[in-house]
Amino acid sequence: MEAQQKKFDKDPKEKEFVEKLVTLNRTCKTVKGGRRMSFSALTVVGDGKGRVGYGLGKANDVSEAIKKSVDKAKRNLITVPMKNGTLPHDIIGKYKSSEVLVKPACSGTGIIAGGTVRAIMESAGVTDVQSKSLGSNSAVNVVRATFDAISKLMDAKKVAANRGKTLDELWG
């Protein structure tokens, strides 16, 4: 009986990720027989412990587009350095004409951000952050600008190691 139940349970690796659909776009192509629909999905995947990734998938079916984007997001995970549920310092991320300003916040503030940045921060497990999207508000560009900001964040341990000092020497 237990062996049969194990077959139908999903892998524990798949349960560890939080998947959020940021946008779903429908495009039409007019062909000889009529209109042909196609879909593109932008999703954010995170484990809630500091790892997050995004993916863009395109297909003729909605579910296939979402599945492709989730698979790409799982392959492109990056680590977010966190300090007490927030970011270590403020940073501006840029991608084309989109800019995203991300600032740390006091505990209890929550996530003050737009829909795309909010999805990324919730998936990463960040609980307190402030953000402002500047320039273009295209969802794909805002996500890429946010990931640019996250990749520029510096962790205190790495900075101390690069300088050849301990954390106590660095922070006094």
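Here the structure is a predicted model, which is why all the values come from computation and not from measurement.

This brings us to the overall build of the protein chain. When helices and strands are counted, the protein chain shows seven helices and eight strands. Taken over the C-alpha atoms alone, the protein chain extends approximately 70 × 55 × 30 Å along its principal axes. Within the protein chain, residue pairs in contact and separated by at least 24 positions form 54% of the contacts whose partners lie at least 6 positions apart. Accessible area of the protein chain: about 11000 Å², with a carbon and sulfur share of 49%. If you average the places of the 31 positive and of the 18 negative side-chain charges in the protein chain, the two averages end up 9 Å apart.

A sheet is described by the order of its strands in space; here four strands give the open sequence 5-6-8-7, paired in mixed fashion. In this open sheet, the two strands that pair with only one neighbour each are strand 5 (91-95) and strand 7 (111-112). Running at roughly 135 degrees to strand 5, helix 5 (residues 139-152) makes contact with strand 5, strand 6 (98-104) and strand 8 (129-135) of the sheet.

Turning our attention to the packing of aromatic side chains. For any pair of aromatic rings, the description consists of the separation of the ring centres together with the inter-plane angle of the planes. One pass over the structure, following the stated rule, counts one aromatic pair. On the basis of an interplanar angle of 55 degrees and a centroid distance of 4.8 Å, the ring pair of Tyr 54 and Phe 147 is categorised as tilted. In this pair, Tyr 54 is assigned in strand 3 (residues 51-59) and Phe 147 in helix 5, connecting sequence segments 93 residues apart. By relative accessible area, which is 8% here, Phe 147 ends up buried.

The next subject is the sheet that holds strand 3. A sheet is described by the order of its strands in space; here four strands give the open sequence 1-2-3-4, paired in antiparallel fashion. Only two strands of the sheet have a single partner each, and these edge strands are strand 1 (18-31) and strand 4 (78-79). Of the strand pairs in this sheet, strand 3 and strand 4 are connected by two bridges, and their pairing is antiparallel. Considered in strand 4, the bridge of Val 52 is made with Ile 78. Seen against the sheet, helix 3 (residues 62-75) touches strand 1, strand 2 (34-46) and strand 3 and runs at an angle of roughly 145 degrees to strand 3. Packed on one face of the sheet, helix 5 meets strand 1, strand 2, strand 3 and strand 4 and runs near 155 degrees to strand 3.

What counts as what
Residues numbered from 1 in each chain as written. Predicted model: local features only at pLDDT ≥ 70, side-chain atom pairs only at ≥ 80, totals over all residues. Heavy atoms only, no water. Helix = DSSP H or I, 4+ residues; strand = E, 2+ residues; numbered from the N terminus. Contact = heavy atoms within 4.5 Å. Areas by Shrake-Rupley, 256 points an atom, 1.4 Å probe, with all protein chains shown as cover. Lys, Arg positive; Asp, Glu negative; His and termini not counted. Charge placed at Lys NZ, Arg CZ, Asp CG, Glu CD. Pairing = 2+ DSSP bridges. Axes fitted to C-alpha atoms, helices over the stretch in contact; angles between N-to-C directions. Phe/Tyr/Trp six-rings, centres within 6.5 Å; stacked < 30°, edge-to-face > 60°. Buried < 20%, exposed > 50% of the residue type's maximum accessible area, 1.4 Å probe, protein only.

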